[in-house]
Structures are given as C-alpha cells and as structure tokens.
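# Descriptive structure summary
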Amino acid sequence: MSEPGPSAGFSLELGDDLVQMRDWLHEFAASVVRPAAAEWDEREETPWPVLEEAAKIGLYSLDFYAQQYLEGSGLGIPVAFEELFWGDAGIGLSLAGSSLAAVAVVANGTPEQVGEWCPQMFGGPGEVKLGAFCSSEPDAGSDVGAIRTRAVYDEAAGEWVLNGVKTWVTNGGIANVHVVVASVDPALGSRGQASFIVPPATAGLSMGQKFRKHGIRASHTAEVVLSDVRVPGRCVVGGRDRLTERLARVREGGRGGEQAAMKTFEASRPGVAAMAVGVARAAAEYATEYSRTRIQFGRPIGQNQGVAFMLADMAASVDAARLLTWRAAWMARQGKPLTAAEGSMSKLVAGETAVRVTEQAIQILGGNGYTREYPVERWHRDAKIFTIFEGTSEIQRMIIGRAVTGLDVR
C-alpha cells in the first residue's frame with residue numbers, strides 16, 4: 001500500500017494560533033470562570049467582576065471576537081466557545097452574549113455601522129459594556145414571521161419610530177446597544193422585517209420582566225419594552241436605501257434575500273452548538289474522573305461495565321457533536337452552501353447531546369450528582385437551553401427535513 005502524498009489536503013489538526021488561543025482560554029475558564037460559577041448561578045446576576053477580568057486580558061473585546069470570526073478555518077469561534085462554556089454556561093453566555101448583537105450588525109450592516117456601534121457593545125477595561133439582540137416576542141418565538149414590533153419611518157424628522165415588546169433577550173434592558181428586529185411592512189411577513197440599532201440611553205426603551213431561569217442563571221435575560229423609541233434614519237442595519245430596494249423587489253414578487261433574524265441565527269448556529277459541546281465535555285470529563293476515584297464494592301465504579309459503557313457513549317457523543325460543529329463552521333467560512341442544513345445538524349446534535357450527557361453524569365455520581373455540592377446538576381440545568389434557544393430542536397429537525405426531502409415540511 002502506497003503512502004499518502006503531501007497533497008492530500010485534509011487535516012483535523014488545529015493550527016498553532018488556534019491551539020494557543022484554546023489553551024489560553026482554557027486557563028481562564030479553569031482559573032477564573034469555574035471558581036465563580038456556583039456563586040453567580042445562585043445570585044442570578046451578570047458576573048461583572050468576571051467580565052472585567054476578561055476585558056483586562058483582551059478576551060471580552062470586539063478585537064478578540066472579530067479575530068475569531070474572521071479566522072481562516074472558521075473554527076475560531078467554535079473553539080473559543082467550547083472552552084468558555086466548559087468553564088460555565090451562564091458566565092460563558094455573559095461573555096458571549098454581546099457577540100450575537102455584533103454579528104447582527106457585522107452580517108448585514110454597513111462598514112460605518114460596524115465601526116460605530118460594535119465597539120460600544122464591548123467597551124474596555126474599567127468600562128465594560130454590553131450588546132443585546134432582540135428578536136423573540138411573547139407571540140413570536142419559533143415563528144419569527146409573526147413579529148409584531150413595528151418600525152415606522154418619520155419622514156419629517158428623518159427617524160425610525162419603534163414600538164413593541166421583545167422577550168428572552170440576553171442582556172435585555174441593561175445593554176448599552178440594542179439591535180431590534182422589527183416589521184417595516186407587515187403585509188410581507190418575515191420578508192418585510194429589518195434590524196434597527198438603538199443607541200445607548202435612547203428614550204422609550206426600558207427593561208420589562210427579568211426572568212428567573214432554570215439554568216444559565218449568570219446570564220441576564222429579560223423583556224425589552226419599546227415605546228415610541230426614536231432612532232436616527234441611519235440606524236436601520238444595512239442602510240435605508242438597501243432596505244427600500246429590497247422591499248420593492250419583494251413587493252414586485254422578487255426575492256428579498258434572507259430576513260433579518262434568520263440570517264443572524266444562521267451565522268451563529270455552529271457557535272451555539274460549540275457552547276453545548278463545551279457543557280457536554282465538562283460533564284463527561286467530570287463523570288469520568290469521578291468513576292476512577294469513587295470506590296464501591298472494593299473497586300472504582302468505572303470498572304463496572306454499566307458505568308464504563310455509559311462513559312463510552314458520552315465520550316463518543318461529545319466527539320461526534322464537535323465534528324458536526326466544526327464541519328458546519330468550516331463550510332460557512334469557506335463560503336460553501338449548507339445545502340444539507342449542516343448548521344442545523346450541528347445545533348440539533350450538540351444540544352441534544354448536552355442534555356443527555358449531563359443527565360448521564362448525574363446518574364454516574366448518584367446522590368452526589370443531585371446536589372449543588374457537585375457541578376453536574378448545574379450543568380444539566382444549563383444544558384436544556386440548547387434544545388430551546390436560537391431554534392428549538394423541533395425547528396432544527398424541520399429545517400433538516402426540508403433539506404433532505406426537498407419538500408415543504410411543516
């Protein structure tokens with residue numbers, strides 16, 4: 001059998017820069033995030049001291065996230081998010097939440113908008129700031145086309161006027177910059193929507209209910225109320241001229257491109273999958289180490305097939321989820337069409353894996369796993385969100401089903 005030549009062109013090895021970044025983040029997650037995780041989970045508050053520490057080393061910054069989003073292989077964000085969420089999902093989401101709002105501007109906005117608003121979503125050491133992406137509404141969760149928040153252009157003032165209520169908003173009401181998905185032409189459904197930047201301290205934007213959640217408690221989640229919120233005309237993401245042209249095409253029966261919220265979700269889906277992989281990996285590693293040191297009937301419980309086989313399934317599932325995530329992220333970065341819904345596959349499998357693996361970790365720890373003295377119960381509570389937010393598992397299956405059948409699955 002001949003040896004493979006150097007032109008094979010396929011590798012699963014991370015480049016040196018990614019390895020260094022991964023190890024740097026892992027150290028931060030192990031030394032700063034994990035020790036703080038239980039406290040901020042109990043407090044159910046934004047972990048400002050951790051964000052400040054992250055800002056000091058350049059982790060919580062626009063430059064860091066931009067560098068990872070633009071990394072050539074596409075794996076910068078998945079590798080970063082896996083390590084942060086290995087540390088803790090709640091704190092991880094506090095560190096990553098602003099990036100979703102930034103993605104909404106970067107993916108659809110003008111260079112001027114990116115340069116003006118994205119830095120204000122992160123701030124810097126001593127002046128940490130937040131961004132928030134506002135899409136879901138009380139009556140528009142998975143059904144993004146049912147969004148009722150309205151944006152009306154006031155020609156005389158040259159301003160957009162926003163009215164509505166958003167819900168399940170990460171950093172909602174406490175962010176410096178909010179990016180709000182609103183309907184400009186309700187008759188066009190989701191194709192009549194656009195995203196709007198609401199600058200800091202804009203009158204009429206307020207925080208509604210703050211949610212007390214099952215998991216990811218260190219991440220602030222709340223309603224955002226918009227009451228006659230006026231923003232400059234230039235604050236429609238992508239610019240008013242482009243929006244006017246797009247709506248005209250749609251009204252004439254043409255294609256209007258991807259609607260605002262879904263384009264943002266598509267860009268962020270492999271990153272969310274990587275978050276779930278991090279939580280699942282944490283649980284699998286913890287349960288494995290516990291199985292080596294927990295002695296019952298005179299031997300480590302890991303010597304029992306019932307436990308060892310469970311750990312084997314957990315390890316295989318985590319690796320499979322990571323590989324699906326890397327594939328989707330790589331394809332997206334290389335500009336390859338995700339014709340088989342590879343992004344949704346990564347989100348579906350990683351989210352379901354996180355829930356299953358964290359439950360198995362509790363089972364392996366037995367009664368200990370059910371107490372707050374051990375982290376696996378928190379990881380299990382955190383994991384459930386990955387089958388719900390940014391597209392439920394059912395929505396992911398519908399998207400995949402449409403892709404594989406070519407039919408209008410509903």
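Everything below is about the structure printed above this text.
Presented here is a report on the structure given in the accompanying data block. Bear in mind the structure is a predicted one, so any value in this text is a computation, not a measurement. (Residues numbered from 1 in each chain as written. Predicted model: local features only at pLDDT ≥ 70, side-chain atom pairs only at ≥ 80, totals over all residues. Heavy atoms only, no water.)

Here we take up the packing of helix H10 (residues 342-365) against helix H12 (residues 393-405). H12 packs onto H10 with a crossing angle of 145 degrees between their chain directions and a minimal axis gap of 9 Å. At the point where H10 passes H12, the crossing takes the left-handed sense. Contact with H10, carried on its side by Ser344, Met345, Lys347, Leu348 and Glu352, involves Ser393, Gln396, Arg397, Ile399 and Ile400 of H12 and no other residues of that element. Of the residues belonging to the contact of H10 with H12, the class tally is 4 nonpolar, 3 polar and 3 charged. (Axes fitted to C-alpha atoms, helices over the stretch in contact; angles between N-to-C directions. Helix = DSSP H or I, 4+ residues; strand = E, 2+ residues; numbered from the N terminus. Left-handed = near helix turned anticlockwise from the far one by under 90°. Contact = heavy atoms within 4.5 Å. Nonpolar A, V, L, I, M, F, W, Y, C, P; charged D, E, K, R; others polar.)

Now for the state of the cysteines. The tally for this structure, following the rule as stated, stands at 0 disulfides. Left without a disulfide partner, Cys118 is nearest to the cysteine sulfur of Cys235, which lies 12 Å away. (Disulfide = S-S within 2.5 Å.)

In this section: H10. With 24 residues, H10 should reach 34 Å at 1.5 Å per residue; the first-to-last C-alpha distance of 34 Å fits that figure. Most of H10 sits out of view: 18 of its 24 residues are buried. Taken from the residues just after H10, Gly366 is the one with a positive phi, measuring 65 degrees. (Expected span 1.5 Å × (residues − 1). Buried < 20%, exposed > 50% of the residue type's maximum accessible area, 1.4 Å probe, protein only.)

Turning next to the nonpolar core. Counting residues in each nonpolar core, the largest one holds 110 residues, and the members touching the most others are Tyr60, Tyr65, Phe85, Leu95, Phe196 and Ile364. Once residues lying within four places of it in the same chain are set aside, the contact partners of Ile364 are Ala287, Tyr290, Ile301, Val307, Met310, Leu311 and Met314. Grouped together as the second largest cluster of nonpolar side chains are 5 residues, Ala341, Leu348, Ile395 and Ile400 included. (Core = buried A, V, L, I, M, F, W, Y, C linked by side-chain atoms within 4.5 Å.)

This part is about the environment of Ile400. Here Ile400 shows up in helix H12. The spatial distance from the C-alpha of Ile400 to the C-alpha of Thr244 is 32 Å, given a sequence separation of 156 residues.

Another point: the pattern of salt bridges. A side chain of one charge can pair with a side chain of the opposite charge when the charged atoms of the two come close. A full pass over the atoms with the stated rule returns 26 salt bridges. Measuring nitrogen to oxygen at the nearest pair gives 3.0 Å for the salt bridge that ties Asp41 to Arg381. Here the residue Asp41 occupies a position in helix H1 (residues 16-43), and Arg381 occupies one in helix H11 (residues 376-383), the gap between them amounting to 340 residues. The same class applies to Asp41 and to Arg381, which are both buried. (Salt bridge = Lys/Arg side-chain N within 4 Å of Asp/Glu carboxyl O.)

What follows concerns unusual backbone geometry. For Glu44, which is not glycine, the phi torsion reads 55 degrees and is therefore positive. Tracing the chain through its elements places Glu44 in the loop between H1 and helix H2 (48-56). Judged by its relative accessible area of 15%, Glu44 falls in the buried class. Positive phi values are uncommon outside glycine, yet Ile216 reaches one of about 35 degrees. Residue placement: Ile216 occurs in the loop between strand E8 (205-210) and strand E9 (221-232). We classify Ile216 as buried; its relative accessible area is 5%.

Along the chain, Arg246 falls in helix H7 (residues 240-251). No salt bridge is formed by the buried Arg246; the nearest opposite charge belongs to Glu245, separated by 9.3 Å. Within the local environment of Arg246, its side chain forms a polar contact with the backbone oxygen of Gln193, the two atoms lying 2.6 Å apart. (Lys, Arg positive; Asp, Glu negative; His and termini not counted. Polar contact = N/O pair within 3.5 Å; in protein donor to acceptor, adjacent residues only side chain to side chain.)

Let's shift gears to a nonpolar patch on the surface. Taken together, the side chains of Phe10, Leu12 and Leu323 present a nonpolar region at the surface, about 360 Å² in accessible area. Tracing the backbone through its elements, the reader meets Leu323 in helix H9 (residues 305-333). Owing to a relative accessible area of 44%, Leu323 belongs among the partly exposed residues under this scheme. (Patch = residues over 30% accessible without salt bridge, like charges linked within 9 Å, V, L, I, M, F, W, Y side chains within 5 Å. Areas by Shrake-Rupley, 256 points an atom, 1.4 Å probe, with all protein chains shown as cover.)

It is worth spelling out the pairing of strand E6 (residues 177-183) at this point. A regular strand places its side chains on the two faces of the sheet in alternate fashion. Within E6, 7 of the 7 residues are buried, leaving the element largely enclosed by the surrounding structure. Burial of E6 is two-sided: the residues Val177, Val179, Val181 and Ser183 facing one way and the residues His178, Val180 and Ala182 facing the other way are all buried. Taken together, the 4 bridges between strand E3 (residues 131-134) and E6 define a ladder with parallel strand orientation. Following the sheet pairing, Gly131 is matched in E6 by Val177. Bridge analysis of E6 against strand E7 (residues 193-198) gives 6 bridges, and the strand direction is antiparallel. By the bridge assignment for E7, Val179 is matched with Ile197. (Pairing = 2+ DSSP bridges.)

Evaluated as defined, the whole model comprises 13 aromatic pairs. Within the aromatic cluster, the residues linked to one another by ring pairs are Trp24, Tyr60, Phe64, Tyr65, Phe81, Phe85, Phe122, Phe386 and Phe389. When the ring centre of Trp86 is taken as origin, the NZ or CZ atom of Arg34, which lies over that ring, is 3.6 Å away. The positively charged end of Arg43 is found above the aromatic ring belonging to Trp40, 4.1 Å away from the centroid. (Phe/Tyr/Trp six-rings, centres within 6.5 Å; stacked < 30°, edge-to-face > 60°. Lys NZ or Arg CZ within 6 Å of the ring centre and 35° of its normal.)

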